[in-house]
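# Residue-level structural notes
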Amino acid sequence: MTADIQTLAVVGAGAMGRGIAQIAAQAGLQVRLYDTNADAVAAARESLRQLWDKLAQKGKLSAADADSALARVVPAASLQDLADAQLVVEAIIERLDIKRDLFKQLEGIVGPDCILASNTSSLSITAIAAACERPQRVAGFHFFNPVALMKVVEVIDGLRSDPAVGDTLAALARRMGHTPVRAKDMPGFIVNHAGRGMNIEGLRVAQESVASFAQIDAIMREQAGFRMGPFELLDLTALDVSHPVMESIYQQFYDEPRFRPSPITAVRLAGGLLGRKSGEGFYAYPEGQKQTPAEPAVPAAKAGLQVWVSPAHAEGHARATQLLRTLNASVVEGATPPADALIIVTPFGEDVSSSVYAQGLDATRTVGLDTLHAFAPGKRRTLMLSPATQAEWRDAAHALLAGDGAPITVIQDSAGFVAQRMVAAIVNVAAEIAQQGIATPSDIDRAVTLGLGYPAGPLAMGNALGGERILEILRNLQRVTGDMRYRPSLWLQRRVQLGLSLLAEPSA
């Protein structure tokens with residue numbers, strides 16, 4: 001296989017093909033750009049010309065370099081014009097039969113050492129390569145949109161791929177300014193696989209009527225510290241893209257409960273509520289601007305309020321008590337709550353109802369406080385009610401917890417609140433990717449951080465929050481809900497039992 005790629009061909013002149021051609025030309029490669037629609041090639045080249053002209057005007061690229069980059073992108077009139085390519089990257093429609101047919105044609109045109117790579121996001125590299133006489137030259141080279149800004153690329157080894165092919169692609173990715181991560185040929189590879197944790201769990205939270213779409217997003221941004229919540233992200237990627245991927249990964253893993261899609265997205269897709277590009281999704285976008293509901297008013301404080309914090313969870317009790325003292329609350333100590341005090345429970349993975357039942361508390365004046373702050377401590381607090389919590393105690397708790405100006409989200413009863421169950425799901429899915437050997441722990445975290453913009457890699461996130469705490473949340477979630485989607489990955493369980501980092505590789 002050719003180790004030093006100088007001539008690259010791109011088949012498909014859409015957004016992905018154009019982006020791959022851009023970074024390749026900027027890195028000094030000769031690029032052959034082909035599409036069955038010649039107008040698409042011309043449009044792509046014109047788009048690149050305008051882009052490079054703007055970069056030159058902003059001083060980010062010299063005029064000479066802009067002209068040189070454009071000159072290196074040569075339109076190809078037919079597949080025959082790709083004969084001298086050392087690497088062909090396919091970026092066409094996501095249909096296995098069409099990709100197979102293309103690769104079969106390319107084998108009769110390019111040289112024996114030419115690498116054939118697919119930019120597929122969801123199809124098996126092994127299945128694509130099965131149509132080829134030399135499947136060892138076929139690998140995945142999955143970029144993300146927009147290619148120039150998303151600095152990660154998945155290099156996927158099919159069952160018959162020569163490892164040297166992946167090595168060459170990884171080296172080329174670095175040369176083009178991207179970070180390569182290596183993955184086995186499994187559904188979703190790394191990024192789309194790992195992304196199931198937040199999106200699928202967020203949909204489940206909404207489906208249970210725990211909180212609104214906007215509330216869930218706000219919690220994930222301002223309590224958990226993520227750049228976007230699941231519904232903001234789904235509106236950005238659009239449901240006509242995201243929902244089929246959810247269904248595909250679920251089906252390819254033979255109905256794995258962790259990846260179970262939600263009817264919420266199926267119904268909204270059928271109704272054309274796709275997201276930003278359709279002007280309406282989980283949010284409305286009049287004139288392209290997202291409309292977000294206003295925060296509810298903070299209720300009046302309850303005079304003479306006393307607060308009792310359940311000691312059932314030592315860590316939660318300590319965190320809640322510390323917070324309440326900074327808010328100058330009148331905290332009552334003791335094994336049982338006084339008859340006229342607000343009761344606060346601090347479960348991890350449980351709901352208020354379960355806590356009330358197990359501890360023999362008065363449900364009418366009991367609320368839950370999420371003490372898992374994740375990566376945005378103090379920015380937002382989540383208050384959880386049981387079906388029996390009375391309005392006066394809800395309002396008293398809300399006013400108290402908002403005493404320093406922090407926004408409060410009041411949610412309905414939910415095992416694991418919102419942030420707990422969603423962060424635990426993210427960590428658990430990543431742990432299972434590691435357990436299955438789909439990628440190394442470091443590549444999993446690298447791919448997710450760059451590809452999804454999380455505040456940390458999911459395994460590093462688990463380490464930071466405490467693997468034992470994540471395991472506790474998952475076990476309680478599974479016990480309370482009876483849902484196998486929450487069963488802990490053995491990767492997580494074993495490393496917690498042995499006191500190891502979640503990023504620790506298996507011993508030789």
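Structural data are supplied above this passage.
Now for a look at the structure at hand. These numbers come from a predicted model, not from an experiment. Throughout this document, residue positions are counted from 1 along each chain, in the order its sequence is written. Residue-level local features of this predicted model are given only where pLDDT is at least 70; pairs of side-chain atoms are given and counted only at 80 or more, and the full residue set underlies all totals for whole chains, interfaces and linings. Side-chain descriptors were evaluated using all non-hydrogen atoms of the structure, hydrogens and water having been removed beforehand.

## A closer look at the sheet that holds strand 3 (residues 73-75)
Think of it this way: DSSP has to see at least two bridges between two strands before they count as a pair. Here a helix means four or more residues in a row that DSSP labels H or I, a strand means two or more in a row labelled E, and each is numbered from the N terminus. Taking strand neighbours across the sheet as the criterion, the eight strands line up as 3-2-1-4-5-6-7-8 in an open arrangement whose pairing is mixed. Looking at strand neighbours, the two that pair on one side only are strand 3 and strand 8 (179-184), the edges of this open sheet. When strand polarity is set aside, the average angle formed by the axes of neighbouring strands in this sheet is 25 degrees. Where strand 2 (residues 30-34) lies against strand 3, three bridges are found, and the strand directions are parallel. Looking across to strand 3, one finds that V31 is bridged to V73. Here helix 2 (residues 38-57) sits on the sheet and contacts strand 2 and strand 3; the angle it forms with strand 3, its principal contact strand, is near 160 degrees. Under this scheme, a helix contributes an axis fitted over its contacting stretch, all axes are lines through C-alpha atoms, and angles between N-to-C directions fall in the 0 to 180 degree range. Should any heavy atoms of two residues lie within 4.5 Å, those residues are counted as being in contact.

## Let's talk about the nonpolar core
Buried Ala, Val, Leu, Ile, Met, Phe, Trp, Tyr and Cys residues that are joined via side-chain atoms within 4.5 Å together make up what is termed a nonpolar core. Here the term buried applies to any residue with accessible area under 20% of the maximum for its type, exposed to any over 50%, and partly exposed to those in between, with areas from a 1.4 Å probe on protein chains only. Membership of the largest hydrophobic core comes to 102 residues, with the highest contact counts inside it found for V88, F226 and V423. When neighbours within four sequence positions are excluded, V423 is seen to be in contact with M220, A224, F226, M461, L465 and I470. Counting 37 residues, the second largest nonpolar core, distinct from the first, contains I5, A21, L48 and V89.

## Considerations on helix 18 (residues 458-465)
Among the residues of helix 18, those classed as buried are P458, L459, M461, G462 and L465. With its buried residues spanning 155 degrees around the axis, helix 18 presents them on a single face. At its buried positions, helix 18 is contacted by helix 16 (419-435), helix 17 (441-452) and helix 19 (467-481). Directly after helix 18, the chain includes G466, whose backbone phi takes a positive value near 105 degrees. The arc in question is the one traced by the directions running from the helix axis out to the C-beta atoms.

## Here's the deal with the environment of G195
With respect to the helices and strands, G195 occurs in the loop between helix 7 (191-194) and helix 8 (196-207). In this structure G195 comes out as buried when scored by relative accessible area, which is 5%. Look past the residues within four positions of G195 in its chain and what remains in contact with it is L452 and Y454.

## Overview of the pairing of strand 6 (residues 138-142)
Regular strands place their side chains on alternate faces of the sheet. Of all five residues in strand 6, five are buried; the element is thus mostly enclosed. The alternating pattern of strand 6 places V138, G140 and H142 on one face and A139 and F141 on the opposite face, and all of these are buried. Bridge count between strand 6 and strand 7 (residues 152-157): three bridges; the pairing is antiparallel. Bridge assignment links H142 to a residue of strand 7, and that residue is E154.

## What about the packing of aromatic side chains?
Aromatic rings from Phe, Tyr and Trp, with only the six-membered ring used for Trp, were paired whenever their centres fell within 6.5 Å, and each pair was classed as stacked if the ring planes differed by under 30 degrees, edge-to-face if by over 60, and tilted otherwise. Under the counting rule described, the total for this entry stands at six aromatic pairs. Measuring from centroid to centroid gives 4.7 Å for F213 and F282, while their planes differ by 75 degrees, and the two rings are edge-to-face. Of this pair, F213 sits in helix 9 (residues 213-222) while F282 sits in the loop between helix 12 (263-270) and strand 9 (306-309), and the two are 69 residues apart along the sequence. We classify F213 as partly exposed; its relative accessible area is 21%. Of the residues examined, F282 reaches a relative accessible area of 9% and is grouped as buried. Connected via pairs of aromatic rings, a cluster forms that spans F213, F231 and F282. The side chain of K290 reaches across the aromatic face of Y283, ending 4.7 Å from its centre. Geometry around W393 places K302 over its ring, the cationic atom sitting 5.1 Å from the centre. Placement of a charge over a ring requires the Lys NZ or Arg CZ to be within 6 Å of the ring centre, with the centre-to-atom vector within 35 degrees of the ring normal.

## Let's talk about the sheet that holds strand 12 (residues 366-369)
By definition, the strands of a sheet pair up through backbone hydrogen bonds, in either a parallel or an antiparallel sense. The strand order across the open sheet built from six strands is 10-9-11-12-13-14, with neighbouring strands paired in mixed fashion. Each end of this open sheet is capped by a strand with a single partner; those strands are strand 10 (330-332) and strand 14 (408-411). Geometrically, the sheet is characterised by an average inter-axis angle of 35 degrees between neighbouring strands, direction not taken into account. The pairing of strand 11 (residues 342-345) with strand 12 spans three bridges and is parallel. Paired with I344 across the two strands is V367, which belongs to strand 12. Along the sheet, helix 13 (residues 314-326) contacts strand 9, strand 10, strand 11, strand 12 and strand 13 (381-385); its crossing angle with strand 9, the most-contacted strand, is approximately 160 degrees. Helix 15 (residues 391-401) rests against strand 9, strand 11, strand 12, strand 13 and strand 14 of the sheet, and its axis sits at about 170 degrees to strand 13.

These figures come from the coordinates and say nothing about function on their own.
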